Amino acid sequence: MATAATTPNVEVVNAPATSTAPVVLTPAAVTKVKEIMATQEPIPAGLRIGVVGGGCSGFQYSMSFENAAGMMDKVVRVGDLKVFVDATSAMYLNGCTVDYVETLEAAGFKFENPQVKSTCGCGSSFSV
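Fair warning: this is a prediction, and the values are worked out from it, not measured in the lab. (Residues numbered from 1 in each chain as written. Predicted model: local features only at pLDDT ≥ 70, side-chain atom pairs only at ≥ 80, totals over all residues. Heavy atoms only, no water.)

**Q** Residues and numbers for the overall build of the chain, please.
**A** Counting its regular elements, the chain contains two helices and 10 strands. In sequence order, the chain lays out its α and β elements as β-β-α-β-β-β-β-α-β-β-β-β. Buried positions account for 32% of the 128 residues belonging to the chain. Restricting to contacts in the chain with at least 6 residues of sequence separation, those with at least 24 account for 55%. When the accessible surface of the chain is split by element, carbon and sulfur atoms take 55% of a total near 7,500 Å². (Helix = DSSP H or I, 4+ residues; strand = E, 2+ residues; numbered from the N terminus. Buried < 20%, exposed > 50% of the residue type's maximum accessible area, 1.4 Å probe, protein only. Contact = heavy atoms within 4.5 Å. Areas by Shrake-Rupley, 256 points an atom, 1.4 Å probe, with all protein chains shown as cover.)

This is the structure:
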């Protein structure tokens, strides 16, 4: 008995031209993500940005590479980069900008989220 294939319910949003994108990446962040993706074997389809429970303030950001969108993902296109955001994370990331910063002390991705009410001392977790 054959079963019907289900098509993921994926919403594609082109960013930053639209304000409906749950997250926006700066040019520096896009460049760094593409640089890291190019070293992966096989090259992933895109970047997943999410919010998970944990950390000393209640939530923390997560970033990983993905090969396909999930059932309830929003797919944000930043140029030719696909960014996958699940529906739950999209609520916490609305209006968030991700940047890549290099200083003499450290380098990494920085999240600027207008919904955050407080962060922990290390800056890795937040509460809303």
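Next comes the rest of the account.
**Q** Account for the nonpolar core, naming residues and giving values.
**A** Formed by 22 residues in total, the largest nonpolar core has its most connected members in V23, L25, I49, L81, V83, L93 and V98. Looking at this core, the elements with two or more residues in it are β2 (23-25), α1 (27-37), β3 (46-53), β5 (74-78), β6 (81-85), α2 (87-93) and β7 (96-102). With four residues, the single largest contributor to this core is α1. Apart from residues no more than four positions distant in its own chain, I49 is found in contact with V23, L25, S62, M63, V83, F84, V85, S89, L93, V98 and F111. (Core = buried A, V, L, I, M, F, W, Y, C linked by side-chain atoms within 4.5 Å.)

**Q** So what about the sheet that holds β2? Which residues, and what values?
**A** Spatial ordering of the open sheet is given by β2-β7-β8, a layout of three strands whose pairing is mixed. This sheet does not close on itself; its edge strands, each paired only once, are β2 and β8 (107-112). Across the sheet, the mean angle separating the axes of adjacent strands is 25° when strand polarity is ignored. Where β2 and β7 come together, three bridges link them in parallel fashion. Bridged to V24 within β7 is T97. Along the sheet face, α1 touches β2, β7 and β8 and points at about 70° away from the line of β7. (Pairing = 2+ DSSP bridges. Axes fitted to C-alpha atoms, helices over the stretch in contact; angles between N-to-C directions.)

**Q** Describe the pairing of β5, listing the residues and the values that go with them.
**A** Strand direction decides the pairing type here: β5 and β6, joined by five bridges, are antiparallel. The partner of V76 across the bridge, within β6, is V83. Hairpin remark: β5 followed by β6, antiparallel, with two residues in the connecting loop; positive phi at G79, about 65°.

Worth remembering: the numbers are spatial, not functional.
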